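Results of the structural survey
Chain by chain, the residues:
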Amino acid sequence: MNIRVAATTTDADTSLRTLYQRHGSALHRLAARMLGGDWHRAEDIVQEVAIRAWQRPTDIGPMDDTARSRLLAVVGDLVTDGHRSQAWRPVETAGEADMARVTAPDAVDRTLTAQVVTDAMADLTPRQREVLLHLYYLGRSVDQAARVLGVPPGTVKSRSYYAIRALRTALRARGVTTR
């Protein structure tokens, strides 16, 4: 069974094709000139004009020489509207304080931080260091650490709680601020 689907072309589709053939380059040049040479944004403007013409072909009228002036006016309106809406938006700038917070730590920062934490760990009791080693350095769960250490899970939890408090105090004593 051979089924043929007839391609249907509406008046709006024909009108759109004609718009691009006759007026597309002139619309694009005007938009680019008004946008300071931004060809990508100008392409967006021309597409918006085409969409409006396709949605309301009767507003544009026949695709003759008088249509060009109406289409050019729409380009001008869209560019002007874009400038107006951009003027209402705040300028996005990053101050020096913002940039200082954004910078990523480098290898030197990581090394210094590791050294400070290692020094602060020396202030902890051996049991506190041991529980932090299992939970945070070796990545074990509370139950796994409890099995390895031979203590109940509740003991691991309480030791880790007090170890973190003691580590925070030791870091503060070294001038490190924590959250």
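The structure presented is a predicted model; accordingly, all values stated were derived computationally and were not measured.

So, the packing of helix 8 (residues 142-149) against helix 9 (residues 153-173)
Between helix 8 and helix 9, the shortest axis-to-axis distance is 8 Å and the interhelical angle comes to 105°. Viewed along their axes, helix 8 and helix 9 adopt a mutual orientation that is roughly perpendicular. In this structure, helix 8 contributes V142, D143, A145, A146 and L149 to the contact, and helix 9 contributes P153, V156 and K157. In terms of residue class, the contact of helix 8 with helix 9 is made up of six nonpolar, no polar and two charged.

As for the confidence of the model for the chain
In this model, the chain carries an average pLDDT of 80, and 76% of its residues clear a pLDDT of 70 or more. Per-residue pLDDT, averaged within each element of the chain, yields its smallest value for helix 5 (residues 96-102) (57) and its largest for helix 8 (94). Confidence drops under a pLDDT of 50 for residues 1-6, and excluding neighbours within four residues, the segment shows zero contacts in the predicted structure.

Describing the nonpolar core
Buried together is how nonpolar side chains tend to be arranged in soluble globular proteins. L19, L27, I45, V49 and V75 are the most contacted members of the largest nonpolar core, which has 16 residues in total. Where this core is concerned, the elements lending two or more residues are helix 1 (11-34), helix 2 (39-55) and helix 4 (65-88). It is helix 2 that contributes the most residues to this core, six residues altogether. For V49, the residues in contact, after removing those within four places along its chain, are L27, L71, V74, V75 and L78. If you look at the next biggest cluster of nonpolar residues, it comprises 15 residues, including L132, L135, A146 and V151.

Details of helix 8
When we look at burial in helix 8, the residues that qualify are A145, A146 and L149. Considered in projection along helix 8, the buried side chains sweep an arc of 100° and stay on one side of the axis. Where the residues of helix 8 are buried, they touch helix 7 (126-137) and helix 9.

A short note on the pattern of salt bridges
Tallied over the entire structure, the rule returns two salt bridges. Of the charged contacts, one joins R52 and E48 as a salt bridge, the two residues approaching to 3.0 Å between their closest N and O atoms. Taken together, the residues span about one helical turn, with R52 and E48 both in helix 2 at a distance of four residues. When the shortest N-O distance is used, the salt bridge between D123 and R174 registers 3.0 Å. One end of the pair, D123, is in the loop between helix 6 (107-121) and helix 7; the other, R174, is in the segment after helix 9, with 51 residues separating them in the sequence. By relative accessible area, which is 35% here, R174 ends up partly exposed.

Thresholds, definitions, all that
- Residues numbered from 1 in each chain as written.
- Predicted model: local features only at pLDDT ≥ 70, side-chain atom pairs only at ≥ 80, totals over all residues.
- Heavy atoms only, no water.
- Axes fitted to C-alpha atoms, helices over the stretch in contact; angles between N-to-C directions.
- Helix = DSSP H or I, 4+ residues; strand = E, 2+ residues; numbered from the N terminus.
- Parallel < 35°, antiparallel > 145°, perpendicular 65-115°, else oblique.
- Contact = heavy atoms within 4.5 Å.
- Nonpolar A, V, L, I, M, F, W, Y, C, P; charged D, E, K, R; others polar.
- pLDDT = per-residue confidence, 0-100.
- Core = buried A, V, L, I, M, F, W, Y, C linked by side-chain atoms within 4.5 Å.
- Buried < 20%, exposed > 50% of the residue type's maximum accessible area, 1.4 Å probe, protein only.
- Arc of directions from axis to C-beta.
- Salt bridge = Lys/Arg side-chain N within 4 Å of Asp/Glu carboxyl O.

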